Structure formats: C-alpha cells, structure tokens
Amino acid sequence: GIPFYMLGNVFNMPQLATYLSVTLFGFLSMLLIAVISFKLGVNKYASILAGFIFLFATNALSYSVFFTQHVTSAAFILLGLLAVIGKPNIRNAVLFGAAFGSGLLMDVPNVILMFPMGIAFLVRYFNATKTAQKIRLNINPRFLMALFGLLPFIAILGWYNMQTTGTYTKIGQSVGQSTYFMDK
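Residues numbered from 1 in each chain as written. Predicted model: local features only at pLDDT ≥ 70, side-chain atom pairs only at ≥ 80, totals over all residues. Heavy atoms only, no water.

Colleague: Any details on the packing of helix α5 (residues 70-85) against helix α7 (residues 110-124)? Residues and values, ideally.
Modeller: Put simply, α5 and α7 touch, their axes get as near as 9 Å, and they point 10° apart. The angle between the axes of α5 and α7 places the two elements in the roughly parallel class. Residues Ser73, Phe76, Ile77, Gly80, Leu81, Val84 and Ile85 of α5 pack against Asn110, Leu113, Met114, Met117, Ala120, Phe121 and Arg124 of α7. Across the contact of α5 with α7, the residue classes break down as 10 nonpolar, three polar and one charged. (Axes fitted to C-alpha atoms, helices over the stretch in contact; angles between N-to-C directions. Helix = DSSP H or I, 4+ residues; strand = E, 2+ residues; numbered from the N terminus. Parallel < 35°, antiparallel > 145°, perpendicular 65-115°, else oblique. Contact = heavy atoms within 4.5 Å. Nonpolar A, V, L, I, M, F, W, Y, C, P; charged D, E, K, R; others polar.)

Colleague: Can you explain the side chain of Thr72? Please cite residues and give values.
Modeller: Secondary-structure assignment places Thr72 in helix α5. Looking at Thr72, the relative accessible area reads 5%, which means it is buried. The contact partners of Thr72, leaving out residues within four places of it in the chain, are Val22, Phe25 and Met106. (Buried < 20%, exposed > 50% of the residue type's maximum accessible area, 1.4 Å probe, protein only.)

Colleague: Please give an account of the pairing of strand β2 (residues 135-139) that cites residues and values.
Modeller: For β2, the tally of buried residues reaches only zero of five residues, placing the bulk of the element at the surface. Connecting strand β1 (residues 126-130) to the next strand, β2, in antiparallel fashion are four residues. (Pairing = 2+ DSSP bridges.)

Colleague: Now, about the pairing of β1: what can you tell me, with residues and values included?
Modeller: Pairing of β1 with β2 involves five bridges; the strand directions are antiparallel. If you follow Thr129 over to β2, its bridge partner there is Arg136.

Colleague: Give me a nonpolar patch on the surface: which residues, what numbers.
Modeller: Together, Leu7, Val10, Phe11, Met13 and Leu16 make up an exposed nonpolar region whose accessible area comes to about 550 Å². When you line up the elements, Leu7 lands in helix α1 (residues 2-10). (Patch = residues over 30% accessible without salt bridge, like charges linked within 9 Å, V, L, I, M, F, W, Y side chains within 5 Å. Areas by Shrake-Rupley, 256 points an atom, 1.4 Å probe, with all protein chains shown as cover. Salt bridge = Lys/Arg side-chain N within 4 Å of Asp/Glu carboxyl O.)

By themselves, these figures tell us nothing about what the structure is for.
Take a look at the structure:
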C-alpha cells in the first residue's frame with residue numbers, strides 16, 4: 001500500500017489511494033481468473049463469467065474495500081498459477097518466482113498455499129524417459145530463472161525482518177504480544 005499512499009499524498013487523498021490498491025488487486029484477480037479459465041479450455045464467455053462470479057458472488061468484493069491482504073494474496077496466487085499452467089520457459093519461471101516471493105512478502109502462510117503449485121512448477125521442468133536399460137532424467141535449467149523473480153522479495157523480507165525483529169530469519173508474526181500496557 002505504500003506506493004499508493006505516496007501517490008495519494010500527491011493529490012491529498014492518501015487513504016483513498018491506499019484502499020484503492022486492494023480494490024485494483026480484486027479486479028486483477030477477476031481478470032486472472034478469466035484468463036486462467038480460458039487457458040484451461042473454457043470458452044470466452046464462461047471464463048469472463050467465472051471472473052465475475054469470483055468478484056461478485058464470493059466475499060472478494062467485500063475484502064476489496066478494506067485494507068486487507070486477502071484479495072492481494074489471491075492475485076499473487078493466481079499469477080503463480082498462470083505461470084505454472086503456461087509453457088515452461090524463462091518468462092514463466094521468473095513470473096512464478098516473483099509471484100511466490102510477492103505472496104510470501106504479503107503474508108507468510110501464502111507459502112503453504114502455493115507449495116503445491118511449486119511442486120507442479122518443478123515437475124514441468126523435469127522429464128523422465130524410460131529406455132530399455134535405465135531411466136533418463138532430463139532437467140530444463142530454465143527453472144532456475146525463478147530465483148531471479150524470487151530473490152528480490154526474499155531480500156526485502158529479510159530487510160523487513162531485520163528492522164522488526166533484529167534478525168534476518170525471524171518473522172515478525174512470531175514475536176508475540178507485548179504486556180507493557182496490561183498493568184497500567
């Protein structure tokens with residue numbers, strides 16, 4: 001939300017612009033569902049309907065008007081899914097890494113939600129062929145390009161953790177509560 005806050009500050013509407021960021025991610029999620037549906041073989045009108053159903057027939061729209069991470073997390077998960085169902089190439093590898101890293105930065109439990117996609121992503125870059133005497137494993141090294149998308153977000157998360165907890169590896173959610181104000 002910080003870039004939207006700063007942009008909104010220019011127009012003296014920082015809160016409106018910050019909340020607008022989540023609404024834009026809601027509409028992005030709607031569009032991504034339509035694109036993913038179409039890529040999976042659903043006709044154009046049903047794909048568009050699927051996107052509208054996500055936004056208007058679930059709680060996505062209500063989450064889109066509050067400053068929460070739910071719809072933004074959904075957008076990153078859908079971006080990761082779009083990369084996984086695409087051809088195993090450099091662009092999709094970097095896109096998956098960036099979506100995974102963005103999801104991690106948005107909310108740590110997104111790693112758990114995206115873990116099955118990560119396995120599917122890796123499987124697409126490995127190919128096993130059976131010959132008469134042995135099994136041959138072919139590895140497409142393009143999957144390593146996912147690191148170019150992932151590493152900047154890991155670095156930002158490490159910096160954030162250092163600022164909040166004093167170490168690069170301890171996540172802020174594990175710090176616990178303060179009892180400072182309970183006695184007063």
